[in-house]
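# Topology and contacts: notes
Take a look at the letters that make up each chain.
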2 protein chains.
Amino acid sequence: MAKDKKLVEEITSMNDDFAQWYTDVIKKAELVDYSSVRGCMVIKPYGYAIWENLQKALDTRFKATGHENVYMPMFIPESLLLKEKEHVEGFAPEVAWVTHGGDEKLTERLCVRPTSETLFCEHYSNSIQSYRDLPKLYNQWCSVVRWEKTTRPFLRTLEFLWQEGHTAHATAEEAQEETIKMLNVYADVLENVLAIPVIKGRKTDKEKFAGAHATYTIESLMHDGKALQSGTSHNFGDGFAKAFDIQYTDKNNQLQYVHQTSWGVTTRLIGAIIMVHGDDSGLVLPPAVAPTQLIIIPVSQHKEGVLEKANELKDRLSAKFRVKMDDSDKMPGWKFSEYEMKGVPMRLEIGPKDIEKNQAVLVRRDNREKIFVSLDNLEETVENTLADIQNSLLEKARELRDKKTYTATTIDEFEQIINTTPGFVKGMWCGDRECEDLVKEKTGATARCMPFEQEQLSEKCMCCGKPAKSMVYWGKAY
Amino acid sequence: MAKDKKLVEEITSMNDDFAQWYTDVIKKAELVDYSSVRGCMVIKPYGYAIWENLQKALDTRFKATGHENVYMPMFIPESLLLKEKEHVEGFAPEVAWVTHGGDEKLTERLCVRPTSETLFCEHYSNSIQSYRDLPKLYNQWCSVVRWEKTTRPFLRTLEFLWQEGHTAHATAEEAQEETIKMLNVYADVLENVLAIPVIKGRKTDKEKFAGAHATYTIESLMHDGKALQSGTSHNFGDGFAKAFDIQYTDKNNQLQYVHQTSWGVTTRLIGAIIMVHGDDSGLVLPPAVAPTQLIIIPVSQHKEGVLEKANELKDRLSAKFRVKMDDSDKMPGWKFSEYEMKGVPMRLEIGPKDIEKNQAVLVRRDNREKIFVSLDNLEETVENTLADIQNSLLEKARELRDKKTYTATTIDEFEQIINTTPGFVKGMWCGDRECEDLVKEKTGATARCMPFEQEQLSEKCMCCGKPAKSMVYWGKAY
């Protein structure tokens, strides 16, 4: 087992250097690779398979709520981007510009989409005439580009994969309902598929999306106490509709502007999985999103009957679970480490002695528990154990999140907490931009959200002492 | 039924103006819309749903043959594109160049990928060391950009969606085997999912992919007698490996270059479906790829019990088929036309008299056949009829293709045929570029492929009279 130990030693410990641990894990678990394109990543098969499972979980829910997929061009003419003032101010500084096609200089620059509101608005302006055309419930899977200065795989890259929902509705109420509905879909996927607990709430005006009337968010907490904005849902009101002239004739034959929403999640959620569940042996994947849920490792595989039995079990279990079997010539201990590094939720060991006893050994990735199981009720035990792993990961993450959630009533107390015990800090806020800026300036923390579940911690703003308008989750964020 | 008639009249007849018919169909069937981005299309929900079904059919087969999905950056630095000489000569004139990120001028231009050989090669060069790392069987779903002068939705657009497989192998034999295996996967999907018969063969050197050792193709014939290159599979030999230094240590500890392939199909296949199966009433979709396989239209839907029965049938049939029910307030005749336009393979009509008789009326889109069916064996009849439609479409397309396939033994005969009865023309070829150029110059037709199934039509080249080396399928192409 010397090799086994060595493999583990090559990874930096989370507590020594969290950033280096993260980099080690994405590399050793074979999720991504670097390329000569600055700030862009190569998503390798194992990383992409996680994304495919996440896509499936989201796409099924989008379709179940009546949404349809479409595809818009990846280029936006400069004049189209300029149509909505706040939107262009938010995005123009960080877009990539195409200026030449072949040898020919373009008469108008095209930006590579940083997000597609403007294209959807143009399309809606052309295709919506009557109340019968509403609602439009569209979604798009694609990649977008934002010219970031510093990047980290999954968390912040020049190009990333995402989905962007864009909807148009007859009334403000319907748009608001849609905005919250999709936020809840995201929260459902994070909690029940990725086993990541979230705080749902509204962004402050400072933190909202460029051009939005209101932005809602799900915020999660990483193992190092930093927050991650994990999905956002925006209500645009009729702002874009007025800029792009998207009007419909209502039942009384009156012209009305539509009300719009947009909502998106990205490949950064893979970063969240890593930083919420991972440990010093590598990745830990929730079964619902794991490309391989169970790895079968034959022990003494050269002995008669072992490989046959391992193959037989693989075939049996593949009917219900995502299963692989590793019969390569590496040592079993080395294989154990490799699949722990890759976060496979459970391994099954089977050797000559197990076969004699009509049993197998299951080992959980999350808590290392060993389970001796009769081959007669293998499916049932695997199913129950995977479900238990999924629940345990969520519970464990929730406990850690709660443990790292603090309360402050003054800015001094706040500063002391955020600098010594990173995490969410709940604090009251008067609603003024000055106080929000002061928190950022003094501590580097930002308002993550005004949660739906409000608490009355005190009657005063923790910064200025004026009457508080709402409780805010503050935190340093990725 | 006045409205019904009107809707149909709005479409140009195929025989009057095939190009206009095509444009009418993609618009009326709600497959695409135009945008302000030159040469790029908005793929609407119905068009995208066809693409999703096609993706599923392909992706399942890619995975079953051991391939894994990955994602590479969308940008290629100019210096990386320049590494393989033939490749860059083929693609540089038609790429879009990014020169600025935000306000900053880039020190090196980036092109938006026209295809990703160079990125895969860079990745392989970094990640392949030993024979144990081979084969690499990667695929990517993404969009690519080629700066075309003239464009048509699906057939030729600046940006299009596609998949690109990129593989690396230890030996030339394995690479050749892979090249042909994937060509056969494409042929399988075209024939058995899209109901489009194909000619499999090899491209001439003139027509092969920039940088390839050999290009194989599947060619199909559209209703107007023009050919469509429907999928290609390239064997690169070790050309790219040498340009990008992709070497591995073999079992004897010797350094060897890998052998590579790439293969791709695009959204142009949706254009093929339209132009192979469509008619003067619109689109005709093969059941295997149709977003809706059966549309239920209640007749006299205000009468008691009709909508309830229609809903009941919808729920019953949805367990096995992709079914929709239209209970909007439009006239049934108008609905009939609408779903004919959209190419839904079959409609089910149910009204008060049908309910009395415990029956429904099925109407096939392909041949308009009416089938009265007892509700007791509805599932069975629907299943068999959908299977029959799928087969009939393939048969019908094959008959038409065969009818429009001609033979020429001299260039004069060839010219006369291709100008009066467009289609495939089989003709012998000496293998010289001059003769190939002459055919193009005189007639506009190109060598579509040298088919695997060779025939000895004559011993002489149809152009120059010198000894013939192979039979070629010639044709005018999209």
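Conventions and cut-offs
Think of each chain on its own: its residues are numbered from 1, step by step along the sequence as written. For this description, chains carry letters from A and ligands carry numbers from 1, given in the order in which they are written. Selection of residues for local features in this predicted model requires a pLDDT of at least 70, selection of side-chain atom pairs for listing and counting requires 80 or more, and totals for whole chains, interfaces and linings are taken over all residues. For the side-chain quantities, the full set of heavy atoms in the structure was used; hydrogens and water were omitted. Copies overlap after least-squares fitting; the atoms used are the C-alpha atoms of residues with pLDDT of at least 70 in both. In what follows, a contact means two residues having at least one pair of non-hydrogen atoms within 4.5 Å. Numbering goes from the N terminus for both helices and strands, where a helix is a DSSP run of H or I of at least four residues and a strand is a run of E of at least two. Should DSSP find at least two bridges between two strands, the strands are regarded as paired. To get an axis, fit a line to the C-alpha atoms, keeping to the stretch in contact for a helix; angles then go from 0 to 180 degrees between the N-to-C directions. An angle below 35 degrees is treated as roughly parallel, one above 145 as roughly antiparallel, one from 65 to 115 as roughly perpendicular, and anything else as oblique. The rule is simple: take the accessible area with a 1.4 Å probe, protein chains only, and divide by the maximum for that residue type; under 20% is buried, over 50% is exposed, in between is partly exposed. A simple way to read buried area is as the amount of 1.4 Å-probe accessible surface that goes missing from two parts once joined, with both sides added. Throughout this description, the term salt bridge denotes a Lys or Arg side-chain nitrogen within 4 Å of a carboxyl oxygen of Asp or Glu. Identification of polar contacts relies on pairs of N or O atoms within 3.5 Å, with a donor-acceptor requirement for protein atoms, meaning one able to donate a hydrogen and the other able to accept it, and with residues adjacent in sequence counted only if both atoms are side-chain atoms. A right-handed crossover is one whose linking path, passing over the helix from the first strand to the second, runs clockwise when the strands point away from the viewer. Where each domain begins and ends follows an automated or database-derived domain assignment. Under the convention adopted here, Pro, Cys and the residues Ala, Val, Leu, Ile, Met, Phe, Trp and Tyr are nonpolar, Asp, Glu, Lys and Arg are charged, and Gly plus all remaining residues are polar.

### Regarding the relation of the copies chain B and chain A
Overlaying chain B on chain A yields an RMSD of 0.0 Å, the required transformation being a rotation through 180° with an accompanying axial translation of 0.0 Å. Classification of the inter-copy transformation places it as that of a two-fold axis. For chain B, the smallest separation between a C-alpha atom and the rotation axis is recorded for Val-98 of chain B, amounting to 2.1 Å. In this assembly the copies share their binding face: 100% of the residues contributing to the interface of chain B also contribute to that of chain A.

### Topic: unusual backbone geometry
Omega for the bond connecting Leu-134 of chain A with Pro-135 of chain A falls within 30 degrees of zero, at -10°, which places this linkage in the cis form. Positive phi outside glycine occurs at Phe-154 of chain B, with the angle close to 70°. Mapping Phe-154 of chain B onto the fold places it in the loop between strand E7 (136-145) and strand E8 (159-169). In this model, Asn-253 of chain B sits at a positive phi of 65°, which is unusual for a non-glycine residue.

### Some points on the sheet that holds strand E9 (residues 199-202) of chain A
Residues and elements named next belong to chain A. In space, the 11 strands of this open sheet follow the order E3-E7-E8-E14-E11-E10-E9-E22-E23-E21-E20, with mixed pairing throughout. Either end of the sheet is taken by a strand with one partner, and the two such strands are strand E3 (68-69) and strand E20 (405-407). Its contacts with the sheet put helix H3 (residues 45-64) on E3, strand E7 (136-145), strand E8 (159-169) and strand E14 (259-266), and the angle it makes with E7 is roughly 165°. In this fold helix H13 (residues 378-403) packs onto E9, strand E10 (214-221), E20 and strand E21 (424-429), with an angle of close to 25° to the strand it touches most, E20.

### Some remarks on the packing of H3 of chain A against helix H9 (residues 268-277) of chain A
Residues and elements named next belong to chain A. Orientation of H3 relative to H9, taken along the N-to-C sense of each, is 105°, at an axis distance of 10 Å. As judged from the angle between their axes, H3 and H9 are roughly perpendicular. Together, Gly-47, Ile-50, Trp-51 and Leu-54 of H3 and Leu-269, Ile-270 and Ile-273 of H9 make up the contact between the two elements.

### Quick look at the pairing of strand E19 (residues 370-374) of chain B
Residue and element names in this part refer to chain B. A one-sided burial pattern is seen for E19, the buried positions being Ile-371 and Val-373 and the unburied ones Lys-370, Phe-372 and Ser-374. Two elements, strand E18 (residues 359-364) and E19, share 5 bridges in a ladder whose sense is antiparallel. Looking across to E19, one finds that Val-361 is bridged to Phe-372. The antiparallel hairpin formed by E18 and E19 contains 5 residues in its connecting segment, where Arg-368 sits at a positive phi of about 65°.

### Side note on the interface of chain B and chain A
In this assembly, 51 residues from chain B lie in contact with 51 residues from chain A. Counting each side, the surface lost to burial between chain B and chain A is near 4300 Å², with a carbon and sulfur contribution of 59%. On the chain B side of the interface with chain A, the three residues burying the most area are Pro-45, Tyr-71 and Trp-147 of chain B, jointly 15% of the side's total. Viewed at the interface, chain A and chain B are joined by 4 salt bridges. Across the pair Glu-52 of chain A and Lys-63 of chain B runs a salt bridge, and its minimum N-O distance is 3.1 Å. At the surface where chain B touches chain A, the tally comes to 23 residue pairs in polar contact (both at pLDDT 80 or more). Sort the elements by how many residues they give to the side of chain B that touches chain A and strand E5 (residues 96-101) of chain B lands first, with 6 residues.

### Digging into the pairing of strand E15 (residues 294-298) of chain A
All names here are of chain A. The element E15 is largely enclosed, with a buried count of 5 among its 5 residues. Side chains of E15 alternate between two faces, with Leu-294, Ile-296 and Pro-298 and Ile-295 and Ile-297 buried alike. For E15 and strand E16 (residues 323-325), the ladder comprises 3 bridges, and the chain directions are parallel. Along E16, the bridge assignment pairs Ile-296 with Met-325. Following the backbone out of E15, through helix H10 (residues 306-318) and into the adjacent parallel E16, one traces a crossover that is right-handed.

### Quick look at the domain arrangement of chain A
Residues and elements named next belong to chain A. Entries for chain A in the domain assignment read domain 1 (2-277), domain 2 (294-400) and domain 3 (405-475). Opposite the 20 residues of domain 1 that make contact, domain 2 presents 14 residues. Here domain 1 meets domain 2 over a buried area of about 1500 Å², counting both sides, of which 64% is carbon and sulfur. Taken together, the connections running from domain 1 to domain 2 amount to 2 salt bridges. Glu-191 is the partner of Arg-398 in a salt bridge, and the nearest nitrogen-oxygen pair spans 3.2 Å. Our count for the domain 1 to domain 2 interface comes out at 4 residue pairs in polar contact (both at pLDDT 80 or more). Put simply, the parts of the chain that give the side of domain 1 that touches domain 2 at least two residues each are helix H1 (2-9), H3, helix H7 (172-192) and H9. Sort the elements by how many residues they give to the side of domain 1 that touches domain 2 and H1 lands first, with 4 residues. The residue inventory of the side of domain 1 that touches domain 2, partitioned by class, reads 11 nonpolar, 4 polar and 5 charged.

### Overview of the sheet that holds E18 of chain B
Two strands in a sheet stick together by hydrogen bonds in their backbones, pointing the same way (parallel) or opposite ways (antiparallel). Residue and element names in this part refer to chain B. If you walk across this open sheet you meet the 5 strands as E16-E15-E17-E18-E19, and the pairing is mixed. Pairing within the sheet leaves two strands with one partner each, and these edge strands are strand E16 (323-325) and E19. Neighbouring strand axes in the sheet, compared pairwise and without regard to direction, differ in orientation by 25° on average. Packed on one face of the sheet, helix H10 (residues 306-318) meets strand E15 (294-298), E16 and strand E17 (346-350) and runs near 170° to E15. Where helix H11 (residues 332-341) meets the sheet, its contacts fall on E15 and E17, and the angle it forms with E15 comes to roughly 170°.

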